[in-house]
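Analysis of the macromolecular model
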Amino acid sequence: MIFWEPFEHDGIVYDLSHLHPTQIELIQPGIGGNPERCFAIQVIFSLHCFTRSLKGSEASEIEHLIYRDRREDRVFDFGRYELSKRLPEIVKAIDRRACFHSGKGNFFLIELLTSEGQRQEYEVYFEASRSGKRGGLINLYVQSAYVRDASHKSSQPKKKKIGLFVILHNIQNNKPIRAPK
């Protein structure tokens, strides 16, 4: 499990405990004679939810902003950090949001945020997999979350809508998840 250490900058400690792993349950209502289904989900957050990639040769200039894990060095992003505080609530209500297949084996959703009356698209990318634990636990790994802005302008995948419960059911039953056409 990934438990993020707090980040300290200019004497201020940025607590990351809201991004520690958590477990949630989502219930798919019974429809057309089918019983309701309960999905136990382990939610894990990546450091991409509160950091950004290094740009060019800036590493030596901003060493004090580098956040490291065992695999990579990234820049602590104060804007992403602030928005990451909303991620636990977004994930808890993920079954009430439109999800999209990226076409690359993962999924995303878009939360609309307003900042000073302006519309912003906050994109949350995730993948789902079976957990190694017994009991049908599903891992939901939040890979990244950021506002769609000029630096991410052209990279958004086509929005191929897919139901979250389709994703969860297929993962739980070892079925492939095909991107909608």
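Provided above is the structure to which this section pertains.
So, here is what we can say about the structure in this document.

How each quantity is defined
Residues numbered from 1 in each chain as written. Predicted model: local features only at pLDDT ≥ 70, side-chain atom pairs only at ≥ 80, totals over all residues. Heavy atoms only, no water. Phe/Tyr/Trp six-rings, centres within 6.5 Å; stacked < 30°, edge-to-face > 60°. Helix = DSSP H or I, 4+ residues; strand = E, 2+ residues; numbered from the N terminus. 1 Å grid on protein atoms, 1.4 Å probe; cavity = no way out; pocket = protein on both sides within 12 Å on 5 of 7 lines; lining within 4 Å. Points joined across faces, edges and corners; volume = space filled by probe spheres on them. Nonpolar A, V, L, I, M, F, W, Y, C, P; charged D, E, K, R; others polar. Pairing = 2+ DSSP bridges. Core = buried A, V, L, I, M, F, W, Y, C linked by side-chain atoms within 4.5 Å. Buried < 20%, exposed > 50% of the residue type's maximum accessible area, 1.4 Å probe, protein only. Contact = heavy atoms within 4.5 Å. Disulfide = S-S within 2.5 Å.

In this section: the packing of aromatic side chains. Counted under the stated rule, the structure contains 17 aromatic pairs. Centroid distance Phe76 to Phe78: 5.1 Å. Interplanar angle 70°. Geometry classified as edge-to-face. Ring centres of Phe107 and Phe126 lie 5.7 Å apart, and the angle between their planes is 35°; on these two criteria the pair is classed as tilted. Here Phe126 lies in strand E10 (residues 118-130) and Phe107 lies in strand E9 (residues 107-115), a separation of 19 residues in the sequence. Ring pairs connect the aromatic residues Trp4, Phe7, Tyr14, Phe50, Tyr67, Phe76, Phe78 and Tyr81, which therefore count as one cluster.

A probe matching the size of a water molecule, rolled over the atoms, marks out where space remains unfilled. The computed volume of the second largest pocket comes to approximately 190 Å³. Forming the walls of the second largest pocket are Ile2, Phe3, Trp4, Glu5, Tyr67, Arg68, Asp69, Arg70, Arg71 and Tyr141. Looking at side-chain class alone, the lining of the second largest pocket contains five nonpolar, no polar and five charged residues.

As a further point, take the sheet that holds strand E5 (residues 51-52). Spatially, E5-E7-E6 is the arrangement adopted by the three strands of the open sheet, whose pairing is antiparallel. Whereas interior strands pair on both sides, the edge strands pair on one side only; in this sheet they are E5 and strand E6 (66-68). Two strands pair when backbone bridges link them, and E6 and strand E7 (residues 73-76) are joined in this way by three bridges, in the antiparallel orientation. Paired with Tyr67 across the strands is Arg74, a residue of E7.

Ranked by internal contacts, the top residues of the largest apolar core, which has 45 residues, are Ile41, Phe50, Tyr122 and Phe126. Once residues within four sequence positions are removed from consideration, Phe126 is found in contact with Ile94, Cys99, Asn106, Phe107, Phe108, Leu109, Leu140, Tyr141, Val142, Gln143, Leu164 and Ile167. Of all hydrophobic cores here, the second largest spans five residues; its members include Phe100, Phe108, Ile110 and Tyr146.

Using the criterion set out here, one finds zero disulfides in the structure. Cysteine Cys38 shares no disulfide, and the gap to the nearest cysteine sulfur, in Cys99, comes to 17 Å. The thiol of Cys99 is unpaired, and the distance to the nearest cysteine sulfur, on Cys49, comes to 15 Å.

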